[in-house]
Amino acid sequence: MAMAEATTVVKFGTDGWRGIIADDFTYENVRVAARAIAHYVIDHEDAKAGVCIGYDTRFGSQSFAKVVAKVLADSGIPVLLADKFTPTPELSFAVRERKAAGGVMITSSHNPAEWNGVKYKASYGGAGSPKIIASIESYLLKPLAAAATPAKVEVVDFAPTYIAALEKFVDLKRIKESGYRFLIDTMYGAGKGYVAGIFARAGISYVEFRSELNPAFPGINPEPILPHIAATQKAVVEHKCAAGLITDGDADRIGAVDEHGNVVDAHKIFAVLLQWLLERKKWPGDVTRAFNTTKMLDRIAAKYGRKLHEHGIGFKFVVDLMLEHEILIGGEESGGVGISKHLPERDGLLNSLLLANVMADEKKTLGELVAGLQEEYGEHQYGRVDMHIENSVKESAIRRAKEIVVGASEIAGMKVLRVETLDGVKFFLENAACAGKKNAAETWLLLRASGTEPLLRVYCESCSQASVQQVLKAAQAFVLEGA
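This report concerns the structure included in the present document.

Parameters at a glance
Residues numbered from 1 in each chain as written. Predicted model: local features only at pLDDT ≥ 70, side-chain atom pairs only at ≥ 80, totals over all residues. Heavy atoms only, no water. Buried < 20%, exposed > 50% of the residue type's maximum accessible area, 1.4 Å probe, protein only. Helix = DSSP H or I, 4+ residues; strand = E, 2+ residues; numbered from the N terminus. Arc of directions from axis to C-beta. Contact = heavy atoms within 4.5 Å. Phe/Tyr/Trp six-rings, centres within 6.5 Å; stacked < 30°, edge-to-face > 60°. Lys NZ or Arg CZ within 6 Å of the ring centre and 35° of its normal. Salt bridge = Lys/Arg side-chain N within 4 Å of Asp/Glu carboxyl O.

## Here we look at helix α9 (residues 230-238)
Then step 1. For α9, the full list of buried residues reads Thr232, Ala235 and Val236. The arc that holds every buried residue of α9, seen down its axis, measures 100°, which confines them to one face. α9 presents Lys234 and Glu238 as exposed residues on the side facing more than 90 degrees away from its buried surface.
Then step 2. Its buried side turned inward, α9 meets β7 (182-185), β8 (206-209), β9 (243-247) and β10 (254-258).
Then step 3. Just downstream of α9, lysine 240 is the residue with a positive phi angle, here 55°.

This is how it looks when you write it as structure tokens:
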């Protein structure tokens, strides 16, 4: 009975399974997920190579990690269990470095404090591909036999080699010589001490902010967007820093604030890194971006003659492309950016260091870098609204959106020019306010329903914040018509 009930709860979405602690994220349901992962590893990987397990700073994460470790070990899979809280990219690095069969990360990333989750990392050191995740889900109902002799659980420190790799990837001497001071906000998460430690050893000026361990994430969700980084905006100005570098709860995503306290969204961060990689590093490879990211990236890639791949939402799609093609960099709207020379994985800590490196190389503050991009490629402004609504309202909105007729319908008083449905429903709109602007950004609106939560996300990009807010307001009204 418990097994059947649990399988209605455990569902692997774009980035693993998440649930509310003590409601559906229970020890028994974690065991269900762990058994499915064990089955997958035994049937499709070299199980003798073992599985690495890490956990973040959330309530109960270490305890849940030990439950997963026991399930895997009892099935005969050797386990390397982190000796302390672990950033997700560190776990992925450990999987690849140790040639493990895979990895399990206990985290709910950027979700509120009452949530926790299970992420699976594949043997190549990145998010499980859609094929792998589907395979794991297929085992959720299947009983798992115990091994004749349980395997060993070894407690290890994954940090030293990962930190060494970060330090090697960036030019710390150049960053120090820039004289810039940085604010490092780890949002009470697993990134605590990593960038700060690297900067301290290199003699780079920094201020560490919200670095204490507090699983309640007081007053915020550990997601590097507004309103959760309002305090960061003030702190950057107060401490006279050249930029604020922010990582989420498990440190795989990045956010940033410029020297004036202005939020630099994930799209601009991705664009800054891409421009630098193509102009300065000249490394080979294509570019990937998720369906809900800025089309400024298309313009940058085109300038440098690089092919751009557009894909579904979720970093596992970036990983799939990295495994199939020569990809330089790939990313998503939520702050996840991966560089294949490092890992087929998003890494907020590496990207924090790289932003500092770009500023040092270009001798420009973060605000100046963003202004330069807007001037060259046209003003691109972006907004997102998360609508926590009943599933029935969510489903009604998506159904009605699919019925909108191109050329004969309007949104926010703007004619619908075309519709794309790669992941959600995206409308490209005829915006008179953008007509006279230099290199004006296309105006688009995307409605996308979460597969794991009673949530509908509304995204918009346009040539001005006024246009973005106009479209978002109209879109919310449209969604709520189905309430």
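## Regarding the environment of leucine 349
Then step 1. Mapping leucine 349 onto the fold places it in helix α13 (residues 348-362).
Then step 2. By relative accessible area, leucine 349 is classed as buried at 1%.
Then step 3. As a C-alpha pair, leucine 349 and aspartate 250 span 99 residues in sequence and 10.0 Å in three-dimensional space.
Then step 4. Here leucine 349 is in contact with Pro87, Tyr162, Leu166, Gly191, Tyr194, Val195, Thr247 and Ala251, once residues within four sequence places are set aside.

## A short note on the packing of aromatic side chains
Then step 1. Counted according to the given criterion, the structure contains ten aromatic pairs.
Then step 2. Each member of the aromatic cluster is reached from another via a ring pair, and the members are Trp17, Phe25, Tyr27 and Phe64.
Then step 3. One Lys or Arg, arginine 418, reaches over the ring of phenylalanine 428 and ends 3.6 Å from the middle of that ring.
Then step 4. Directly above the ring of tryptophan 444 sits lysine 426, whose terminal nitrogen or CZ lies 4.3 Å from the centroid.

## Quick notes on the environment of serine 396
Then step 1. Summarising the element assignment, serine 396 is placed in helix α15 (residues 391-402).
Then step 2. The class for serine 396 is buried, based on a relative accessible area of 9%.

## Re the pattern of salt bridges
Then step 1. Throughout the structure, instances matching the rule amount to 32 salt bridges.
Then step 2. We note a salt bridge from glutamate 345 to lysine 121, for which the minimum N-O separation is 2.8 Å. Residue glutamate 345 is located in the loop between β15 (337-339) and α13, and its partner lysine 121 is located in strand β5 (residues 115-122); the two are separated by 224 residues in the primary sequence.
Then step 3. Between glutamate 310 and lysine 426 there is a salt bridge, and its shortest N-O distance comes to 3.8 Å. Of this pair, glutamate 310 sits in strand β13 (residues 308-311) while lysine 426 sits in strand β19 (residues 425-430), placing them 116 residues apart in sequence.
Then step 4. A relative accessible area of 0% places lysine 426 in the buried class.
Then step 5. Beyond isolated ion pairs, a larger network of salt bridges with shared partners links Arg289, Lys295, Asp298, Glu310, Arg418, Glu420, Lys426 and Glu442.

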